[in-house]
Amino acid sequence: AQKNYSGKPWHDLLQVIPGKMECEKFDVGGEGIAYHDVDSVNNGSGKLTPNDGTYLNTFRINEGVDISYTKIGGTDDNPYNLVKPEMKQLYVGWTEPGEWIKYSVVVMKAGYYEGILMYTANADGKIAIDVDGKPWMEPVLIKSTFSKIEPVAWRQWHHWNKQIIFKRLKLSKGKHVLTLRTVEKGNMNYDFIEFKKVK
């Protein structure tokens, strides 16, 4: 695990690898510890989505990481998706270069892993991942999901896709802290990263 790290897993539950690391279930600890966000407002929960007390609309409303969820009615169930998303799935959005988010995980089996990101990107961007405070996945290009034939401008942020972001990176067994970094462009939405064991 990361030394001198005071963040804690969301609801005291380590995210399990192999498996899906849900991006909205980042660690508890606040700005500068569990995450860095350019502003202290959650631009999704309670701002874009109404502050009506419901779980999806107000998820982690008082934290700086911006969160929304996939919606029906032509928002995230639109014909320009490259991969069909599940509805009512929370995700991290409004990402900006320089922002980062930490996740406490437990790796059940040591070895090499492939990573698949479920995301949207209004333009080509770049992300990187650190493990226990050290660079692990170098910045990788996240392909734009912008569509020239999309008639609704704001929906460019809602074309979902999956991309393999690494094919063979090593993880040791046990507890680790992963840091997801937005390196270039931002304007990406992150739903989950699926970690699959490879030989």
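Everything below is about the structure shown above.
What comes next concerns the included structure. Computed from a predicted structure; not experimentally measured.

Thresholds applied
- Residues numbered from 1 in each chain as written.
- Predicted model: local features only at pLDDT ≥ 70, side-chain atom pairs only at ≥ 80, totals over all residues.
- Heavy atoms only, no water.
- Helix = DSSP H or I, 4+ residues; strand = E, 2+ residues; numbered from the N terminus.
- Rg over C-alpha atoms; globule rule 2.2 N^0.38 Å.
- Buried < 20%, exposed > 50% of the residue type's maximum accessible area, 1.4 Å probe, protein only.
- Contact = heavy atoms within 4.5 Å.
- Areas by Shrake-Rupley, 256 points an atom, 1.4 Å probe, with all protein chains shown as cover.
- Lys, Arg positive; Asp, Glu negative; His and termini not counted.
- Charge placed at Lys NZ, Arg CZ, Asp CG, Glu CD.
- Pairing = 2+ DSSP bridges.
- Core = buried A, V, L, I, M, F, W, Y, C linked by side-chain atoms within 4.5 Å.
- Polar contact = N/O pair within 3.5 Å; in protein donor to acceptor, adjacent residues only side chain to side chain.
- Salt bridge = Lys/Arg side-chain N within 4 Å of Asp/Glu carboxyl O.

1. Some words on the overall build of the chain
Then, in step 1: When its secondary structure is counted, the chain shows 2 helices and 12 strands.
Then, in step 2: From first element to last, N terminus to C terminus, the chain shows the α and β order β-β-β-α-α-β-β-β-β-β-β-β-β-β.
Then, in step 3: For 199 residues, the compact-globule estimate of 2.2 N^0.38 gives 16 Å, and the chain sits close to it at 16 Å.
Then, in step 4: Taken along its principal axes, the extent of the C-alpha atoms in the chain is 45 × 35 × 25 Å.
Then, in step 5: Relative to its full complement of 199 residues, the chain shows a buried share of 51%.
Then, in step 6: In the chain, of all internal contacts separated by at least 6 residues, the share reaching a separation of at least 24 is 74%.
Then, in step 7: Per element, the accessible surface of the chain, about 9,800 Å² overall, is 55% carbon and sulfur.
Then, in step 8: In the chain, which carries 27 positive and 24 negative side-chain charges, the distance between the mean positions of the two groups comes to 9 Å.

2. Examining the side chain of E63
Then, in step 1: With respect to the helices, strands and loops of the structure, E63 is situated in the loop between α2 (55-58) and β4 (67-69).
Then, in step 2: Judged by relative accessible area, which is 16%, E63 ranks as buried.
Then, in step 3: Non-local contacts of E63, meaning those with residues more than four positions away in its chain, are made with F26, Y35, S40, V41 and N42.

3. Regarding the pairing of strand β9 (residues 134-142)
If a strand is regular, its side chains alternate between the two faces of the sheet.
Then, in step 1: Across 6 bridges, strand β8 (residues 125-131) lies against β9 in antiparallel orientation. Bridged to I127 within β9 is V140.
Then, in step 2: What sits between β8 and β9 in their antiparallel hairpin is a turn of 2 residues, with D132 showing a positive phi close to 55 degrees.

4. Observations concerning the nonpolar core
Then, in step 1: Ranked by internal contacts, the top residues of the largest apolar core, which has 39 residues, are I127, I129, I142, I165 and F195.
Then, in step 2: Ignoring sequence-local partners within four residues, the contact set of F195 consists of I17, P18, G19, M21, Y113, E114, W136, F166, L171 and L178.

5. Description of the environment of Y55
Then, in step 1: Its location among the elements puts Y55 in helix α2.
Then, in step 2: Through-space distance from the C-alpha of Y55 to that of S45 is 9.4 Å; in sequence the pair is 10 residues apart.

6. Some details on the side chain of Q156
Then, in step 1: With respect to the secondary-structure elements, Q156 resides in the loop between β9 and β10 (161-171).
Then, in step 2: Separated by 2.8 Å, the side chain of Q156 and the backbone oxygen of S147 make a polar contact.

7. What to know about the pattern of salt bridges
Then, in step 1: All told, the structure shown has 4 salt bridges when counted by the stated rule.
Then, in step 2: Residue K126 pairs with E184 through a salt bridge whose shortest N-O separation is 3.8 Å. With K126 in strand β8 and E184 in strand β11 (residues 174-184), this pair connects stretches of sequence that are 58 residues apart.
Then, in step 3: Its relative accessible area of 38% is what places E184 among the partly exposed residues.
Then, in step 4: Close ionic contact of D130 with R181 constitutes a salt bridge, the shortest N to O distance being 2.6 Å.

8. Section: the pairing of strand β7 (residues 111-121)
Then, in step 1: Judged by how many residues are buried, β7 sits mostly within the fold: 10 of 11 residues are covered.
Then, in step 2: Pairing between β7 and β10: 8 bridges, direction antiparallel. Each residue of the ladder has a partner; that of M118, found in β10, is K162.
Then, in step 3: Looking at chain direction, β7 and strand β12 (residues 188-198) are connected through 10 bridges and run antiparallel. The partner of A121 across the bridge, within β12, is M188.

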